[in-house]
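# Examination of the molecular architecture
Listed below, chain by chain, are the residues.
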Amino acid sequence: MLGYLYVAAALAAGLTKGWCGKKTSGIITGMRPTLLFNAVRMLLCIPIGFLFVWASGSVQNLIAEPIIYLIAAVSGISTALFVVTWIGCVRWGAYMMVDVFVTLGIMIPVLLCTLLFDESLRTAHLVGLVLLVFAAYMMCTYNRSLHREGSRLRIKQLLLLILCGASNGITQFSQKWLRHVSNTDVSVFNFYTYVFASAVLLILFFLFPKENSTQKLAQNDMRRLALFVTLMSACLFLHSFCSTAAAGYLSSAQLYPLMQGSALILSMLMSAVCFGEHINVRCAIGIASSFAAMLCIELL
């Protein structure tokens, strides 16, 4: 039961983060400013993470075993890679397919945990995953119909999408890896995850060539952005903290399809309720398929 409570908290944090992202979309343009914006988000997660560590009485555990630093480094680097590839997908116009490839990326923790940690993988889990990929595809076509994006993917876009889904899958696997090899407080692990993630994004920011035009934000936009980035950082840390905590209670074949299917449904409902996007037949089929996928995975 506790695992599902952590899942619910992670979904609530993720939904709030997505709402903030929608509200601030378009304020920042250009690759370097976007990299800096995301680096700041990760940097803000560090003091938030320290507060979690302090509240859990685990400050002494910040001096951790080498394996904890290794797993946190994998988690942080893959988190940063996910951010960069997601930005690339947006810039190339392939972002409508991100949900499909992120859903496909679930296979990484599911298969690796089955092979390395002997977690069970039943036929119902595989059926649920297939339904979930179909649901993500249907919602992708729904989004494309709303925004009228081009339909043909280029090779670079496809590679970015594969990297995006794979990096998210590796981040998820690192959560299960931690829970299988150590009893370290998850707040310590997530604290170091964002230390590594922010370092990688800052390095990429300074390495990325300067752009010809520099964006100047109005004072109102700056205040709005500061408010939302703080809230997004808190939700980002809470989402990863709760996901890692849930990984100690649920198998990969249960946890990540459940979270992705629920996130797809909640994201579509939020778009309809908060942003006035009309739910058509394709969206309804996607929601129904996500629900069917979760029933297969959790009940069969």
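Residues numbered from 1 in each chain as written. Predicted model: local features only at pLDDT ≥ 70, side-chain atom pairs only at ≥ 80, totals over all residues. Heavy atoms only, no water.

Per the counting criterion, the structure on display carries 1 salt bridge. Measuring nitrogen to oxygen at the nearest pair gives 3.1 Å for the salt bridge that ties Lys176 to Glu119. In this pair, Lys176 sits in helix H7 (residues 155–181) while Glu119 sits in the loop between helix H5 (107–117) and helix H6 (123–147), placing the two residues 57 residues apart along the sequence. Across this residue pair, the class does not change: Lys176 and Glu119 are buried. (Salt bridge = Lys/Arg side-chain N within 4 Å of Asp/Glu carboxyl O. Helix = DSSP H or I, 4+ residues; strand = E, 2+ residues; numbered from the N terminus. Buried < 20%, exposed > 50% of the residue type's maximum accessible area, 1.4 Å probe, protein only.)

What follows covers the packing of helix H4 (residues 98–105) against H5. When two helices pack together, their arrangement is given by the angle between the helix axes and the distance between those axes. Where H4 contacts H5, the axes come no closer than 5 Å and their chain directions differ by 5°. Relative to H5, the element H4 lies roughly parallel. In this structure, H4 contributes Thr103, Leu104 and Gly105 to the contact, and H5 contributes Met107, Ile108 and Pro109. The residue inventory of the contact of H4 with H5, partitioned by class, reads 4 nonpolar, 2 polar and no charged. (Axes fitted to C-alpha atoms, helices over the stretch in contact; angles between N-to-C directions. Parallel < 35°, antiparallel > 145°, perpendicular 65-115°, else oblique. Contact = heavy atoms within 4.5 Å. Nonpolar A, V, L, I, M, F, W, Y, C, P; charged D, E, K, R; others polar.)

The description of two aromatic rings rests on the distance between their centres and on the angle between their planes. All chains considered together, the criterion is met by 10 aromatic pairs. Taken together, a centroid distance of 4.9 Å and an interplanar angle of 55° make the contact between Phe52 and Phe237 tilted. Here the residue Phe52 occupies a position in helix H2 (residues 31–55), and Phe237 occupies one in helix H9 (residues 219–246), the gap between them amounting to 185 residues. By relative accessible area, which is 27% here, Phe52 ends up partly exposed. A residue is classified by how much of its surface remains accessible, and Phe237, at 0% relative accessible area, is buried. Through a chain of ring-to-ring contacts, the aromatic side chains of Phe52, Tyr194, Phe237 and Phe241 assemble into a single cluster. (Phe/Tyr/Trp six-rings, centres within 6.5 Å; stacked < 30°, edge-to-face > 60°.)

Glancing now at the side chain of Ser75. Take Ser75: it is sitting in helix H3 (residues 66–92). Ser75 sits in the buried class, given a relative accessible area of 3%.

What follows covers a nonpolar patch on the surface. A surface patch of nonpolar side chains, about 460 Å² in accessible area, is lined by Met1, Leu2, Leu5 and Tyr249. Tracing the backbone shows Leu5 in helix H1 (residues 2–24). Taking relative accessible area as the criterion, Leu5 reaches 48% and is therefore assigned partly exposed. (Patch = residues over 30% accessible without salt bridge, like charges linked within 9 Å, V, L, I, M, F, W, Y side chains within 5 Å. Areas by Shrake-Rupley, 256 points an atom, 1.4 Å probe, with all protein chains shown as cover.)

With respect to the helices and strands, Ser240 occurs in helix H9. On the basis of relative accessibility, which here comes to 9%, the residue Ser240 falls in the buried class. Ser240 sits 65 residues away from Gln175 along the chain, and the two C-alpha atoms are 8.8 Å apart. Setting aside anything within four residues of it in sequence, one finds Ser240 in contact with Gln175, Asn190 and Tyr194. Only 3.2 Å separates the side chain of Ser240 from the side chain of Asn190, close enough to count as a polar contact. (Polar contact = N/O pair within 3.5 Å; in protein donor to acceptor, adjacent residues only side chain to side chain.)

A word on the side chain of Ser240. At 2.9 Å, the side chain of Ser240 forms a polar contact with the side chain of Tyr194. Within polar-contact distance, the side chain of Ser240 engages the backbone oxygen of Phe237 at 3.0 Å.

Here we come to unusual backbone geometry. Here Asp118, not a glycine, exhibits a phi torsion of approximately 55°, which is positive. Its place among the elements puts Asp118 in the loop between H5 and H6.

Turning our attention to H2. Three- or four-residue spacings in an α-helix give side chains the same orientation, since the helix completes a turn every 3.6 residues. Taking 1.5 Å per residue, 25 residues should reach 36 Å; H2 reaches 36 Å between its end C-alpha atoms and fits that length. With its phi angle positive at about 70°, Gly57 sits one or two positions after the end of H2. (Expected span 1.5 Å × (residues − 1).)

Once that is clear, we can look at the nonpolar core. Ranked by internal contacts, the top residues of the largest apolar core, which has 66 residues, are Val7, Leu35, Met42, Tyr194, Leu201 and Leu255. Here the element with the most residues in this core is helix H8 (residues 186–207); it accounts for 9 residues. Setting aside residues no more than four positions away along its own chain, Tyr194 makes contact with Met42, Cys45, Ile46, Leu236, Phe237 and Ser240. (Core = buried A, V, L, I, M, F, W, Y, C linked by side-chain atoms within 4.5 Å.)

Right, let's talk about the confidence of the model for the protein for a bit. Averaged over every residue, the pLDDT of the protein is 83; the share at 70 or more is 86%. The element-level mean pLDDT for the protein is lowest in H6, coming to 75, with H8 highest at 95. (pLDDT = per-residue confidence, 0-100.)

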